[in-house]
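Tertiary structure, described
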Amino acid sequence: MERVSTIVQSQPAKFFVVAVVASFVTLQAHALYTGIRTKSKKDKLNRELKELYREDFLLASGVDGGIITEDGRETSIASAITKGASIASSIPLSVAGFDEALIREQLARNYAFFGEEGMSKIRNATIVIVGCGGVGSWAAIMLARTGVFKLRLIDFDYVTLSSLNRHATATRADVGIPKTQSLKQAIVNIVPWVEVEACVELWNVESEKENGWLEGADWIVDAIDNISTKVDLLSYCHSKSLKVISSMGAGAKCDPSHIQSADISQTVADPLARSVRRRLRMHPVHPVLSGIPVVYSTEVPSSNDPNALGLLPLADEEFEKGAVHELAPFADFRVRILPVLGMLPAIFGMHIATYLVCELG
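In this text, all values refer to a predicted model and were calculated from it rather than measured experimentally. Along each chain, residue indices are assigned from 1 in the same order as the chain's sequence is written. A pLDDT threshold of at least 70 governs which residues receive local features in this predicted model, and a stricter bar of 80 or more applies before side-chain atom pairs are shown or counted, although totals over entire chains, interfaces and linings include all residues. To obtain the side-chain values, all non-hydrogen atoms of the structure were used and water was disregarded.

With respect to the pattern of salt bridges
Salt bridges are identified by distance alone: a Lys or Arg side-chain nitrogen within 4 Å of an Asp or Glu carboxyl oxygen. The tally for this structure, following the rule as stated, stands at seven salt bridges. The salt bridge involving K121 is made with E117; its shortest N-O contact spans 3.8 Å. Here E117 and K121 lie together in helix α5 (residues 108-123), a separation of four residues that amounts to about one turn. Partly exposed residues are those whose accessible area sits between 20% and 50% of the maximum for their type, while under 20% is buried and over 50% is exposed, using a 1.4 Å probe and protein chains only. Exposure remark for K121: the relative accessible area of 45% places this residue in the partly exposed category. Across the pair K179 and D157 runs a salt bridge, and its minimum N-O distance is 3.4 Å. Linking K179 in helix α7 (residues 179-190) with D157 in the loop between β6 (150-154) and α7, this pair joins segments that are 22 residues apart in sequence. Under the relative-accessibility criterion, D157 is labelled partly exposed at 30%. If you follow the salt bridges from partner to partner, you end up with E100, R104, E116 and R123 in one network. Only DSSP runs of H or I covering at least 4 residues are called helices, and only runs of E covering at least 2 are called strands; the numbering of each starts at the N terminus.

Concerning the environment of S182
Examined against the element boundaries, S182 turns out to sit in helix α7. Any N or O atom pair separated by 3.5 Å or less is treated as a polar contact, with the protein-specific requirement of one donor-capable and one acceptor-capable atom, and with residues adjacent in sequence counted only for side-chain atom pairs. Side-chain polar atoms of S182 contact the side chain of D174, separated by 3.1 Å.

Let's talk about the sheet that holds β6
In this scheme, strands are said to pair when DSSP sees at least two bridges between them. Ordered by their spatial adjacency, seven strands build an open sheet running β7-β6-β5-β8-β9-β11-β10, and the pairing between neighbours is mixed. Every interior strand has two partners, whereas the edge strands, β7 (195-199) and β10 (259-263), have only one. For this sheet, the mean inter-axis angle between neighbouring strands, taken without regard to orientation, is 15°. Here strand β5 (residues 126-130) pairs with β6 via five bridges, running parallel. Residue pairing across strands places T126 opposite K150, the latter belonging to β6. To define axes, lines are fitted to C-alpha atoms, for helices over the stretch in contact only, and angles between the resulting N-to-C directions are given on a 0 to 180 degree scale.

Examining unusual backbone geometry
Of note, the phi angle at S241 is positive, near 60°, even though the residue is not glycine. Note on placement: S241 falls in the loop between α9 (227-239) and β9 (244-247).

Description of the pairing of β5
The buried fraction of β5 amounts to five of the five residues, a majority that puts the element mostly inside the structure. Residues T126, V128 and V130 of β5 are buried on one face, and the alternating residues I127 and I129, pointing to the opposite face, are buried as well. Seen with its strands pointing away from the viewer, a crossover is right-handed when the path leading from the first strand over the helix to the second is clockwise. Following the chain from β5 across helix α6 (residues 134-146) to the adjacent parallel β6, one finds a crossover that is right-handed. Strand direction decides the pairing type here: β5 and strand β8 (residues 219-222), joined by four bridges, are parallel. Directly across from I127, in β8, lies its bridge partner W219.

This is how it looks when you write it as structure tokens:
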């Protein structure tokens, strides 16, 4: 024991103990310093993020950024939001139980683009979408995301498995339910304050006179597949001075760079647009020469291309079932289908939505 005590009290042992203690203290100090520095960085990042969110709130409320003063005092974010909300007196501070500040935060980027007055017009708009397939579903979902407050969806058709390559919202669980109901549920999940009316109906002039679906609409979207119904809708809207925009042929196309918008009288190279234009000119009730904006494609498949796409042929067994026209779901509806690359109808629909919100805002 005496020998151990002598070793512990020796000079080298003291230096070793001091070195160990110093190392431990150094490690603890470094850990403490690192922790403080990390916390400082996190606090700084949080402050920057809060400032960004603050700017978003101010943009959404129509109040200029920077230091906000009111009677020489700094105004709170909540006060700024309320001030911005009061500018658009036609929009209530809460919509269907949803806080206006939260709505404006969700629409902050739209407010930054259109401004207070433009967004007030968009949010107070009523748009009717006739045809809720590949084109109409995308138009509807983007109009709702942009802030359009009232949407009426009209389509008689149901979701099928083949719908899933192009429909904006349908899932496998939606197969067998009306397209309008699938679309309405998706819109409510994204923007629950929007009023969505889903009509599982076939639009025609007779049903319109009975139900008045188009009354009070700021704009009507024609995304109908059937050409005779499409022509009747466009003629009816034109005769009633209702604003309508129409989608031409998105099927059998693959080049999005050819998609554009123009008056129906100025379209080129689109077979459906050409047919619609001719039928409108010869319409027995209300002929139309111009005044209807359309989204169409100038893409023209080469006449020398053996793989050029068109209506798919019917199998021999289909002819054995009876007269071909009897296979259509409704009179004048085509029996054969067009091959469709799902991205093209989506771009058509978003093109229409962009056109409308820019016209409104």
